[in-house]
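Here is how the chains run, residue by residue.
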Amino acid sequence: MCGIFGVYNSPYASQYAYLGIYALQHRGQESVGIASADGEEIYAIRKPGLVLESIKREDMFYLKGTNAIAHVRYSTAGDPGGLNAQPIVRDLSFGKVAIVHNGNLVNYVQLRERFEAKGIKPRYSSDTEMFLLLMDEGQYVPEGVDIHIHDRHILPRIFYMMKEAKGAYSLLILHEDKFIAVRDPYGFRPLTIGKKEGALLFSSESCAFDILEGEFLGEIKPGEILIADRFGIRRYRFPHRERIAMCIFEHIYFARPDSFIFGEEVYGIRKELGKQLAREDDVEGEVVVPVPDSGVVPALGYSEERGIPFEMGLIRNHYVGRSFIEPTDDLRNIKVLMKLSPNRSVLKGKKIIVIDDSLVRGTTSRRIVNMLKRAGVKEVHLRIASPPVIGPCYYGIDTPTREELIANRMSVEDIGTFLGVDSIKYLSLEGLRKVIKDPEDYCDACFSLNYPVLEKETCMQRV
Ligand code: SF4
């Protein structure tokens, strides 16, 4: 769960990268970084915190060049502190390289041990550095791939990296005057392409092109490599793959609803999830109330399908930053109250159907239900627009360990009792698959435990 943004061929590369990554802030709030290249040197800044607070005007003067890559981080592997902020820059045997990564490698532990055994010491504790070390380690040319003359020193290294790295990765790379975009063969994480005047733009989600008044062009496909330099743009395909496995959770929760990813509009899918949930439900209720913000779009779909009025029964305070209040359970409750308030005018004495996008630990939902009851709601019927989350994610989404997942510990009935609701219902897995075009090309392992790629050691770390 990170955001990446890149600019190729613009005199405003670092400024565009700054604005682009700002539009992806929802994908990570721990740290931000930008690297730029002028064909000779790579310049990089990495800072903890949010984009607007952390990047200063003078940083823009330092970030010279016409190519840039940027990153917002939400740590899923490695130390969440500033040390692992991206872009990562390293001097390698074939020159200096900067990289940003969205995803998670499942064979990180094995790769790290392999390099350490060879006397190569990784400088960071995140998996992203492995891509650079792999590029330095070897070269590989798949049979039948014709390599353009200007890519012969770099592309075999990227193919080798893709052969050795297992898991989820959307990458943007700066090397000399080259700009390189890579998506893993499973296509776990999205990577979209846009343009603005003569510049090419790359983004985890298409919503970031709008802030630049850019134009959406399409997507880097699973297993695709795009190389841009002064000789033009070349696109290659890594030929080995078992299947495509795009993350269904991007549509359910992560991506912004105004984005286009995996060949579909997120808004349309999210609304259809609510409609499908409604088709599977017949509970009686007077109003449909979303848990803002992620429950809003499925709640619209649910309300439309069942003809029950949609009301903003919970109001979100948008000015809540990081709270230092965390230490006790009682005070954690205050954090929810700081974020959401009950709107009594639409709640009092009513039977309400509350819609949320997903239910992971259940602790926040329990506090919300408590808040609604105190506001005078007669009955709370909780509806979840995705199936029960029963397995952790190994591909870059920060879901908790299996023990912390409420649906893994309790039956649906017991979850309802724990949360204090009058009834609870999840969207069925079949219903979820019905909503998506080509469901066989999606990973839904956190709902089905059908993991597309795993290394034993990775499971041991998380489960
Ligand atoms: S396990 Fe779940 S969150 Fe992780 S990639 Fe698969 S669908 Fe997405």
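Residues numbered from 1 in each chain as written. Predicted model: local features only at pLDDT ≥ 70, side-chain atom pairs only at ≥ 80, totals over all residues. Heavy atoms only, no water.

(A) Main features of the domain arrangement of the protein chain. Domain annotation for the protein chain reports domain 1 (3-241) and domain 2 (265-462). The straight-line distance from the C-alpha centre of domain 1 to that of domain 2 is 33 Å. Taken together, the contact pairs 17 residues of domain 1 with 15 residues of domain 2. For the pair domain 1 and domain 2, the summed buried surface comes to about 1,300 Å²; carbon and sulfur atoms form 57% of the total. In this assembly, domain 1 and domain 2 are joined by 0 salt bridges. Put simply, domain 1 and domain 2 have 2 residue pairs in polar contact (both at pLDDT 80 or more) between them. Broken down by secondary-structure element, the contributors of at least two residues to the side of domain 1 that touches domain 2 are strand 6 (95-105), helix 4 (108-117) and strand 7 (167-175). Grouping the constituent residues of the side of domain 1 that touches domain 2 by class yields 6 nonpolar, 8 polar and 3 charged. (Domains from an automatic or database assignment. Contact = heavy atoms within 4.5 Å. Buried area = accessible area lost by both parts, 1.4 Å probe. Salt bridge = Lys/Arg side-chain N within 4 Å of Asp/Glu carboxyl O. Polar contact = N/O pair within 3.5 Å; in protein donor to acceptor, adjacent residues only side chain to side chain. Helix = DSSP H or I, 4+ residues; strand = E, 2+ residues; numbered from the N terminus. Nonpolar A, V, L, I, M, F, W, Y, C, P; charged D, E, K, R; others polar.)

(B) Main features of the site of the ligand. Around the ligand lies a shell formed by R189, C247, I248, F249, C393, Y395, I397, C443, D444, A445 and C446. Counting residues per element, the ones that place at least two in the shell around the ligand are helix 8 (248-254) and helix 17 (445-448). (Near = heavy atom within 4 Å.)

(C) Inspection of the environment of P185 at higher detail. Looking at where P185 falls in the secondary structure, it is placed in the loop between strand 8 (178-183) and strand 9 (192-196). With near-sequence residues (within four places) excluded, P185 lies in contact with M162, Y169, P222, G223, F238, H240, R241, R243 and I244.

(D) Region of the structure containing the state of the cysteines. One pass over the full model with this rule turns up 0 disulfides. For the unlinked cysteine C207, the closest cysteine sulfur is that of C2, found at 15 Å. (Disulfide = S-S within 2.5 Å.)

(E) Inspection of the pattern of salt bridges at higher detail. Within the structure shown, the criterion is met by 27 salt bridges. Note that K196 is salt-bridged to E197, the shortest N-O span being 4.0 Å. On the basis of relative accessible area, E197 is assigned to the exposed category, the value being 66%. Among the charged side chains, a salt-bridge network with shared partners connects R114, K118, E137, K163 and E164. (Buried < 20%, exposed > 50% of the residue type's maximum accessible area, 1.4 Å probe, protein only.)

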